[in-house]
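# Report on the structure
Next come the chains, spelled out residue by residue.
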Amino acid sequence: MTEPQYQETPQGRKLAWHRFSGREPGVVFLGGLRSDMTGTKALHLEEWARRTGRAFLRFDYSGHGASSGSFTEGCIGDWAEDAEAAITRLTEGPVVLVGSSMGGWISLLMTKRIPQKVAGLVTIAAAPDFTEDGMWAEWSEDQRRTCMEEGQLALPSDYGDDMIITRRMIEDGRRHLVLRTPLSLPMPVRMLQGTADADVPVSVALRLLEHATGPDIRLELVKGADHRFSDPGCLATITRAVEEVLIHT
């Protein structure tokens, strides 16, 4: 695999990225929390884009993958800034964003920050507002106290080492919530969600569908699919959704 190139953000963080030119609108993949641009979905989309001649970008947020910084230094606001810098500086014209898990939340923030760049949206197990609704709301009083007083909390993870959630991540997340205020999505939107997702339940997808407004928003539930959404059938569903959005841009 070729070495990534790097882009410095206005905040001085160094982002690793891979891209290539092709037909527009291009496609940008936004990964999830603690994932990186070498994951199954990102590489599958890159292969599809190369095969179809579509411009494509994948990158790592700061504290993720090959980018600068450590995970525990970051928060939703930082990673949204990273995404905005990557999209505005490394793509030409409007793009279709494909946001996985936390990347779904980030992609929704991009529709507010740089609406002129977002021609379409595909979310995969989108996790908007997860720091507040999926963590803080579900923690015990002891867990909340530990996070606030000690500055961080270690959570067991099915994906490797314990996940360290910092007080800064929780407090910053509250400044970027998207399900408490109007969320207009005037572009074509396809939301994908597995019914066996143990990390982001179907109720989150239904809440997002109910909350967002727009002329062309659809939710597709895949029975038995888990949070990874990476088996061959799920990967085919992702590319089909992207192609459908591109047709309607």
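From a predicted model like this one, the values you see are computed outputs, not experimental measurements.

## Things to note about the overall build of the chain
A count of helices and strands for the chain gives eight helices and twelve strands. By its C-alpha atoms, the chain is 50 × 40 × 35 Å across when sized along the principal axes. Put simply, the chain has 249 residues, and 53% of those count as buried. Total accessible area computed for the chain in this model is approximately 11,100 Å², and 48% of it derives from carbon and sulfur atoms. A gap of 5 Å separates the mean positions of the 27 positive and 35 negative side-chain charges of the chain.

## Topic: the nonpolar core
Core analysis: the largest hydrophobic core is formed by 51 residues, its most contacted members being Phe59, Trp79, Leu97, Ile106, Met110, Trp139 and Leu185. For this core, the element with the most residues is helix H2 (residues 76-90), which contributes seven residues. Ignoring anything within four residues of it in the chain, the contact list for Leu185 reads Leu108, Thr111, Leu121, Ala212, Thr213, Gly214, Pro215 and Ile217. Grouped together as the second largest cluster of nonpolar side chains are 23 residues, Ala49, Val98, Ala225 and Phe229 included.

## Observations concerning the packing of aromatic side chains
Scanning the entire structure with this criterion turns up five aromatic pairs. One residue, Lys14, lies across the ring of Tyr6, its end atom 5.0 Å from the ring centre. The residue whose ring lies beneath Arg174 is Trp136, and the NZ or CZ to ring-centre distance is 4.8 Å.

## What about helix H3 (residues 102-113)?
The end-to-end C-alpha distance of H3, which contains twelve residues, comes to 17 Å, matching closely the 16 Å that a straight helix rising 1.5 Å per residue would cover. Every buried residue of H3 is accounted for by Met102, Gly103, Gly104, Trp105, Ile106, Ser107, Leu108, Leu109, Met110 and Thr111.

The rules we used
Along each chain, residue indices are assigned from 1 in the same order as the chain's sequence is written. The predicted nature of this model means local features are confined to residues of pLDDT at least 70 and side-chain atom pairs, given and counted, to a pLDDT of 80 or more, with totals for whole chains, interfaces and linings taken over all residues. To obtain the side-chain values, all non-hydrogen atoms of the structure were used and water was disregarded. Secondary structure elements are taken from DSSP: a helix is a run of H or I of four residues or more, a strand is a run of E of two residues or more, and numbering for both begins at the N terminus. For every residue, the accessible area (1.4 Å probe, protein chains only) is compared with the maximum for its type, and the residue is labelled buried under 20%, exposed over 50%, or partly exposed between those bounds. Each accessible area is a Shrake-Rupley result for a 1.4 Å probe, and residues are judged covered by the shown protein chains and nothing else. By the counting rule applied here, Lys and Arg register as positive and Asp and Glu as negative, while His and the ends of each chain are not counted. A charged residue contributes its charge at one atom only: NZ of Lys, CZ of Arg, CG of Asp or CD of Glu. We call a set of buried Ala, Val, Leu, Ile, Met, Phe, Trp, Tyr and Cys residues a nonpolar core when their side-chain atoms join them within 4.5 Å. Between two residues, a contact is recorded if the distance between any of their heavy atoms is within 4.5 Å. Ring geometry is summarised as follows: Phe, Tyr and Trp rings, the Trp one being its six-membered ring, pair when their centres sit within 6.5 Å, and such pairs are stacked at plane angles under 30 degrees, edge-to-face over 60 and tilted between the two. Remark: a charge is flagged as sitting over a ring if the NZ atom of Lys or the CZ atom of Arg is within 6 Å of the ring centre and within 35 degrees of the ring normal. Every helix has an expected span of 1.5 Å times one less than the residues it contains.

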